[in-house]
Amino acid sequence: MTAGWKDEWLQICESAERATALGIALGRLLTPGDVICLSGQLGAGKTIFSRGIGAGWGATVPLTSPTYNLAHEHERQEDKARLFHLDFYRIRGLRDAETLGIHEILESGDIVLIEWPERILEFLPAEHLWIDIMMRENGARALTFAARGERHCALLADLRLALGEML
């Protein structure tokens, strides 16, 4: 694997429903060990997108924002696979993330979905899929995907292909 593997892609979603559909498409492609980072201002749509990811992945209960308790653990019925949904908006520092067990979660081999990842950059693995969500004036969302590492570049390529089939 070449450490410098990198790919970027911009996708415009004209509605929250379209962003959810894109999240569903991504969720269907996730495999154990994937790390997805969602960045964006308050209200940009990180949780809407996360909810789509959870639905596509097959979470037994819908994903909701873990803002107040920082972490939710989700399970998939058919194989008991796990997805951790983390939200670091309210952390006061890296020590809070350590207390949460961020190292153990990232090393678990489970899927990890992180909102506000810029607050824990020091802990992020080199390989991940970073998605920056920006709200536009017309209510549309601009999602900029930045894949790092061979696995996440392949994930992004598969998402592009799946999106092409959805249209």
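Note that the structure is predicted; figures quoted are calculated from it, not measured.

Despite not being glycine, K80 has its phi angle at roughly 60 degrees, a positive value. On the secondary structure map, K80 appears in the loop between β3 (71-75) and β4 (82-87).

Take the pattern of salt bridges next. Following the criterion strictly, the structure yields seven salt bridges and no others. The salt bridge involving R82 is made with D110; its shortest N-O contact spans 2.6 Å. With a gap of 28 residues between them, R82 in strand β4 and D110 in the loop between α4 (102-106) and β5 (111-115) connect regions that are remote in the sequence. Judged by relative accessible area, R82 falls into the partly exposed class, the value being 30%. Given a relative accessible area of 14%, D110 falls into the buried group. Salt bridges sharing partners connect three or more residues here, namely R76, E78 and D79.

Of all hydrophobic cores here, the largest spans 30 residues; its most connected members are L26, I36, F49, I131 and F145. Where this core is concerned, the elements lending two or more residues are β1 (6-13), α1 (16-29), β2 (35-39), α2 (46-57), β5, β6 (128-135), β7 (141-148) and α5 (150-166). The leading source of residues in this core is α5, at five residues. For L26, the contacting residues outside a window of four places in its chain are I36, F49, I53, L129, I131, L155 and L159.

Turning our attention to the confidence of the model for the protein. Considering every residue of the protein, the mean pLDDT works out to 88; 92% of them sit at 70 or more. Highest mean pLDDT in the protein belongs to β2 (97); lowest belongs to helix α3 (residues 94-100) (78).

Attention now goes to the packing of α1 against α2. With their axes 6 Å apart at the nearest point, α1 and α2 run at an angle of 40 degrees to one another. If you check the angle between α1 and α2, you find them oblique. Note that α1 runs across α2; the crossing there is right-handed. Between α1 and α2, the residues in contact are A16, A19, T20, L22, G23, I24, L26, G27 and R28 and I48, F49, G52, I53, A55, G56 and W57, respectively. Looking at the contact of α1 with α2 residue by residue, the classes come out as ten nonpolar, five polar and one charged.

Here the focus is the packing of aromatic side chains. Within this structure, the stated rule accounts for three aromatic pairs. Taken together, a centroid distance of 5.1 Å and an interplanar angle of 35 degrees make the contact between W9 and F145 tilted. Of the two residues, W9 is situated in strand β1 and F145 in strand β7; the sequence distance between them amounts to 136 residues. F145 carries the same exposure label as W9, and that label is buried. An angle of 70 degrees between the planes, with centres 6.4 Å apart, marks the rings of F49 and F145 as edge-to-face. You can see F49 sitting in helix α2 and its partner F145 sitting in strand β7, a full 96 residues away along the chain. Looking at F145, the relative accessible area reads 0%, which means it is buried.

Within the structure, D110 has its side chain in polar contact with the side chain of R82 (distance 2.6 Å). Ignoring anything within four residues of it in the chain, the contact list for D110 reads G33, D34, R82 and F84.

Our focus in this paragraph is the sheet that holds β4. Spatially, seven strands are ordered β1-β7-β6-β2-β5-β4-β3 in an open sheet, and the strand pairing comes out mixed. Of all strands in the sheet, those bounded by a partner on one side alone are β1 and β3. The average angle at which neighbouring strand axes cross in this sheet is 15 degrees, direction not considered. Where β6 lies against β7, eight bridges are found, and the strand directions are antiparallel. Looking at β7, one finds that L129 is bridged to A147. Its contacts with the sheet put α2 on β2, β3, β4, β5, β6 and β7, and the angle it makes with β5 is roughly 165 degrees.

Cut-offs used in this document
Residues numbered from 1 in each chain as written. Predicted model: local features only at pLDDT ≥ 70, side-chain atom pairs only at ≥ 80, totals over all residues. Heavy atoms only, no water. Helix = DSSP H or I, 4+ residues; strand = E, 2+ residues; numbered from the N terminus. Salt bridge = Lys/Arg side-chain N within 4 Å of Asp/Glu carboxyl O. Buried < 20%, exposed > 50% of the residue type's maximum accessible area, 1.4 Å probe, protein only. Core = buried A, V, L, I, M, F, W, Y, C linked by side-chain atoms within 4.5 Å. Contact = heavy atoms within 4.5 Å. pLDDT = per-residue confidence, 0-100. Axes fitted to C-alpha atoms, helices over the stretch in contact; angles between N-to-C directions. Parallel < 35°, antiparallel > 145°, perpendicular 65-115°, else oblique. Left-handed = near helix turned anticlockwise from the far one by under 90°. Nonpolar A, V, L, I, M, F, W, Y, C, P; charged D, E, K, R; others polar. Phe/Tyr/Trp six-rings, centres within 6.5 Å; stacked < 30°, edge-to-face > 60°. Polar contact = N/O pair within 3.5 Å; in protein donor to acceptor, adjacent residues only side chain to side chain. Pairing = 2+ DSSP bridges.

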